[in-house]
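# Fold and geometry: a report
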Amino acid sequence: MTNYPTLTPSGKGILIEDKPLKDFSKDEIWALLRKYHWIAFKKQAIELEELTTYLSQFGRTVSNDRREGAVLKIDGTKNEEVFLGSGFLPLHKDGLLMGNNVGIVSIFCLEYSDVSDGRTFIVDIENAVNEIPTEIQELLRNRGLEVKPKDQYYIKAADKWYHMAGFAEFEGKEYLNIGFPYKRGDKQSWEARIPGVDEDRFYEIFETLDNIVMDPKYCYYHNWDKGDILLFDNRKTLHGREAFQGKRALANIQVVLE
Ligand SMILES: [Fe+2]
């Protein structure tokens, strides 16, 4: 397998500009995802339908009444909501509030003009976890996190708390399995708490976590162009997005690995 320079100094994420996604075999993509956890492809000449078909060789694509077939179009037009609007999304894994065990996620940029901000960020949690104080790791491991959906988008009903394990294991390693909270006072897509931990301590814990995982050592920010595809292993990374203004439409396709 070709060795690529990585997008984070910690050794994860790669950028592929010289070869279209569709020229990679399923096995080649798997080998790259296993090693690097995410791949950014620039300005691909591929149709959405072709991409969906390509991805379906990896597993079952998620479809539900929020989607058109396998595709969820995220274009910022639903302004009463945060996720389908243009608000900030803290680090999370896809599927946690949807009841889907999503393995691979693909985000494809359909439209991008006059946009400010709106970068998608993705974190190498495999290595970042080593810097998280043991006490915080233990707290998350023992108590997990409770999350309450605020947007109507989620399939899990709004205004009810749902438990999430702090870590999930894949291939013999543990990975953070949580959605980070919003900053106090921000319009939220979801609310979060750790059972038995008071609010001040909770925000202090997540400030510590934020400072570790959002460090450029572990965190890659993707500047979108039309045609870009971000492909990542949803079990081994966390991702989020900046708030944005302008015309930005992304298609999200998820693959469940069973
Ligand atoms: Fe997401």
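Residues numbered from 1 in each chain as written. Predicted model: local features only at pLDDT ≥ 70, side-chain atom pairs only at ≥ 80, totals over all residues. Heavy atoms only, no water.

Attention now moves to the pattern of salt bridges. Overall, the coordinates contain 18 salt bridges when judged by the stated rule. One salt bridge in this structure joins Arg-193 and Glu-146, with 2.7 Å as the shortest N-O distance. On the criterion of sequence distance, the pair formed by Arg-193 in strand β12 (residues 190-193) and Glu-146 in strand β8 (residues 145-149) is long-range, its members being 47 residues apart. Connected through shared salt-bridge partners, Lys-42, Asp-225 and Asp-228 make up one network. (Salt bridge = Lys/Arg side-chain N within 4 Å of Asp/Glu carboxyl O. Helix = DSSP H or I, 4+ residues; strand = E, 2+ residues; numbered from the N terminus.)

Our focus in this paragraph is the coordination of the iron ion. The protein atoms that coordinate the iron ion are His-92 (NE2), Asp-94 (OD) and His-239 (NE2), at distances of 2.1 to 2.2 Å. Going along the chain, you hit the donors of the iron ion in the pattern H-x1-D-x144-H. In terms of burial, His-92 and Asp-94 fall into one category: buried. (Donors = N, O, S within 2.8 Å, 3.2 Å for Na, K, Ca; no water. Buried < 20%, exposed > 50% of the residue type's maximum accessible area, 1.4 Å probe, protein only.)

Turning our eyes to something else, we now look at the environment of Gly-227. Structurally, Gly-227 can be placed in the loop between β13 (219-222) and β14 (229-233). Note on Gly-227: relative accessible area 6%, which makes it buried. Spatially, the C-alpha atom of Gly-227 lies 6.7 Å from that of Lys-42, the residues being 185 residues apart in sequence. Those residues in contact with Gly-227 that lie beyond four places of it in its chain are Phe-41, Lys-42, Lys-43, Gln-44, Phe-108 and Cys-109. (Contact = heavy atoms within 4.5 Å.)

Turning next to empty space enclosed by the protein. Counting across every chain of the model gives one cavity of 30 Å³ or more. Every residue lining the largest cavity is counted, 28 residues in all, and those nearest its centre are Phe-83, Leu-89, His-92, Asp-94 and His-239. Residue composition of the lining of the largest cavity, by class: 14 nonpolar, nine polar and five charged. (1 Å grid on protein atoms, 1.4 Å probe; cavity = no way out; pocket = protein on both sides within 12 Å on 5 of 7 lines; lining within 4 Å. Points joined across faces, edges and corners; volume = space filled by probe spheres on them. Nonpolar A, V, L, I, M, F, W, Y, C, P; charged D, E, K, R; others polar.)

For the rest of this paragraph, the subject is the layout of surface pockets. Rolled over the atoms, a probe sized like a water molecule indicates the empty space that remains. Approximately 220 Å³ is the volume attributed to the largest pocket. Around the largest pocket, the lining residues are Leu-48, Arg-66, Arg-67, Glu-68, Val-71, Leu-72, Lys-73, Lys-78, Leu-84, Leu-110, Gln-152 and Tyr-153. Class assignment for the residues of the lining of the largest pocket results in six nonpolar, one polar and five charged.

Read from one edge to the other, the open sheet built from three strands follows the order β9-β8-β12, with strand pairing classed as antiparallel. In this open sheet, the two edge strands, each paired with only one partner strand, are β9 (162-164) and β12. Pairs of neighbouring strands in the sheet enclose a mean axial angle of 30°, with direction left out of account. When β8 meets β12, the two strands line up antiparallel, connected through four bridges. Each bridged residue has a counterpart across the sheet, and for Lys-148 the counterpart in β12 is Glu-191. (Pairing = 2+ DSSP bridges. Axes fitted to C-alpha atoms, helices over the stretch in contact; angles between N-to-C directions.)

This part takes up the side chain of Thr-52. By the secondary structure assignment, Thr-52 is in helix α2 (residues 48-55). Among all residues touching Thr-52, those that are not within four sequence positions of it are Thr-61, Ala-70, Val-71 and Ile-253.

According to the stated counting rule, one finds zero disulfides in the structure shown. The thiol of Cys-109 is unpaired, and the distance to the nearest cysteine sulfur, on Cys-219, comes to 19 Å. Here Cys-109 falls in the buried class, since its relative accessible area comes to 1%. Judged by its relative accessible area of 6%, Cys-219 falls in the buried class. (Disulfide = S-S within 2.5 Å.)

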